[in-house]
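# Residue-level structural notes
Here is what each chain is made of, one letter per residue.
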Amino acid sequence: MSTGTDARAAWRTWRERRAADISRPYGPLALTGTFWLADHADGRIPGLPGRWAEDGDAVVLHATAADGLTADGAPLDGGIRLGPDAGPESARIAHGERRLPVLRREGLWAVRDFDPAAPARRDFTGIDAYDHDPRWTVPGRFRPYGESRAVRVPNADGVRRELGLAGELAFTVDGVERTLQVAVEGDGSLWAVLADATSGTESYRFRFLRPPAPAADGTVTVDLNRTHLPPCALADHFICPFPPPGNTLPFALRAGERNRSGA
């Protein structure tokens, strides 16, 4: 089997795993709401049982048995202090099949509602993508900044927030070096928020790229065929950062995911 065939097969496997992850019961398509507690001073959130309130480093939830909430799998009748959840699958609070994870971001608390019966999940038919093209897999190099930087960028909800950046990812396309500002994830992999000449027309208005952790000398393979949609392209209630200045590529990146099918 040729290297090109191997790469295409690996890309198809990645596509299948992406579709399975997106459409899992508590995946991004299941998110039906993000509710910031600062917007609900009385503790009542439309559509959610109980009374939710911030209390310093925790959220306090009060509920009665009639509310039908469970905490750690047991019926909740009284009060409970909650910290941030790692995700919906591990959320401590549930309402039937719905999971209600607690979120903390920039000092603010929120509750999210993940419902496996969400219309977006029910109606999901896949993600449109450009065909795999080996020309979009290129060698790159990560150049870390002397110290981490933060820039304020608009987010999908219209609020400007800080985006942490650790360095730049350099790679060459058609003989010209291009760079993207990137963050470094906990496992050492890179994360770029980017746009290009197809954004907002042929493809979603911006996309993500997650190259693997660079080698010790900074070298890393940049596979633009794995450019993918941000969560906010799948559900309206995600808060995704827009590309930072300099992360709009001046050419048509006809590679990776384009948009949700039917969007």
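Overview of the structure. (Residues numbered from 1 in each chain as written. Predicted model: local features only at pLDDT ≥ 70, side-chain atom pairs only at ≥ 80, totals over all residues. Heavy atoms only, no water.)

## Overview of the overall build of the protein
Of regular secondary structure, the protein possesses two helices and 18 strands. With the C-alpha coordinates of the protein rotated into their principal frame, the extents come out at 65 × 40 × 35 Å. For the protein, the share of sequence-separated contacts (at least 6 apart) that also reach a separation of at least 24 residues comes to 59%. Counting only carbon and sulfur atoms, one obtains 50% of the accessible surface of the protein, whose full area is about 12,800 Å². Taking the 32 positively charged and 35 negatively charged side chains of the protein as two groups, their mean positions are separated by 3 Å. (Helix = DSSP H or I, 4+ residues; strand = E, 2+ residues; numbered from the N terminus. Contact = heavy atoms within 4.5 Å. Areas by Shrake-Rupley, 256 points an atom, 1.4 Å probe, with all protein chains shown as cover. Lys, Arg positive; Asp, Glu negative; His and termini not counted. Charge placed at Lys NZ, Arg CZ, Asp CG, Glu CD.)

## Observations concerning the environment of Thr201
With respect to the helices and strands, Thr201 occurs in the loop between strand 15 (190–194) and strand 16 (207–209). According to the relative accessible area criterion, Thr201 is exposed, its value standing at 64%. For the pair Thr201 and Arg258, spaced 57 residues apart in sequence, the C-alpha separation works out to 9.6 Å. Of the polar contacts made by the side chain of Thr201, one reaches the backbone oxygen of Thr198; its length is 2.9 Å. (Buried < 20%, exposed > 50% of the residue type's maximum accessible area, 1.4 Å probe, protein only. Polar contact = N/O pair within 3.5 Å; in protein donor to acceptor, adjacent residues only side chain to side chain.)

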